[in-house]
Amino acid sequence: EWIYERGEQYTDIRQYQTAPLYGGTQGNSKMTPGSYEIKDVNGDGVINSNDMTPTAWAGQYQGYATNPPLQYGVNMNAAWKGFDFNILLQGSALFTVVTAPNDVWGYGRYPTLFEKFTDRWHTEDPKADPFDPSAKWVSGKYPALKTNVNSSGTGDGLTTDMWRFDATYLRIKSLELGYTIPANITRKMRIENLRLYVNCFNLYTFCASEDAKGLDPEREEGAYAADLTYPLLRSYNVGLNLNF
């Protein structure tokens, strides 16, 4: 994969008014403080596909329509005095996943917003015109929110390494704790065996990259980025096994 080299963020409206244009006459007109400054790598004064550079992950496996080259897991069981315990750990490494910046919920065509994107550039006055040079801004990690129309033709929708993450992870896929009632008690109730248990699925995911938290690294990128999926469900269960 080839990506645009990650640039700095504009901090003043005058910077993007005079910077190299991307997307013809529309390019800088809809950029705002906090937008990414895409590098003019070849120095020709134009930001286009000739400024693409090999991704920093070149040579490493990427998540699109593939299986990670390193997959691992362990299943452990233990029992003691009627108690039993089982845990299943599963994960993968040496691959990446990408979030499409033009499709991120809240940054493009979708109305919802992940909590991590609240750390974004925004005007001090929510009612201020973001394209007014006199507007005052509060900085953040991510660019200011824009509608799909206002982000079209700008550098905000380009896939830089800002949006590709190391997807190495380890997930507690399942965890179960049970207790079998002693036979001398259950026989009095004419019960052959009685076991009570609690379990949880998808309890927690440890990620190599903080940015990967909130997406599902187990999912292939496919038609949508790994971030644009229904959140992975965590389920808790309480039950019993009863034999007469």
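Small disclaimer: the values here were computed from a predicted structure and weren't measured.

S.K.: Any chance you could explain the sheet that holds strand S4 (residues 70-80) here in plain terms?
M.R.: Sheet strands associate in pairs through backbone hydrogen bonding, adopting either a parallel or an antiparallel arrangement. Pairing is antiparallel in the open sheet, where five strands are placed in the order S4-S5-S10-S11-S12. Among the strands making up the open sheet, the edge pair consists of S4 and strand S12 (235-243). Taken over all neighbouring pairs, the strand axes of this sheet differ in orientation by 15° on average, direction set aside. Bridging between strand S10 (residues 169-180) and strand S11 (residues 193-207) involves eleven bridges; their strand directions are antiparallel. Looking at the pairing, Leu177 lines up with Val198 of S11.

S.K.: Just to check I follow, could you spell out the layout of surface pockets for this structure?
M.R.: Vacant regions in the atomic arrangement are exposed by a probe of water-molecule size rolled over the atoms. Its volume calculated, the second largest pocket comes out at about 210 Å³. Surrounding the second largest pocket, 14 residues form its lining, Thr123, Pro130, Trp137, Ala144 and Leu145 being those nearest its centre. Split by residue class, the lining of the second largest pocket holds eight nonpolar, four polar and two charged.

The rules we used
Residues numbered from 1 in each chain as written. Predicted model: local features only at pLDDT ≥ 70, side-chain atom pairs only at ≥ 80, totals over all residues. Heavy atoms only, no water. Pairing = 2+ DSSP bridges. Helix = DSSP H or I, 4+ residues; strand = E, 2+ residues; numbered from the N terminus. Axes fitted to C-alpha atoms, helices over the stretch in contact; angles between N-to-C directions. 1 Å grid on protein atoms, 1.4 Å probe; cavity = no way out; pocket = protein on both sides within 12 Å on 5 of 7 lines; lining within 4 Å. Points joined across faces, edges and corners; volume = space filled by probe spheres on them. Nonpolar A, V, L, I, M, F, W, Y, C, P; charged D, E, K, R; others polar.

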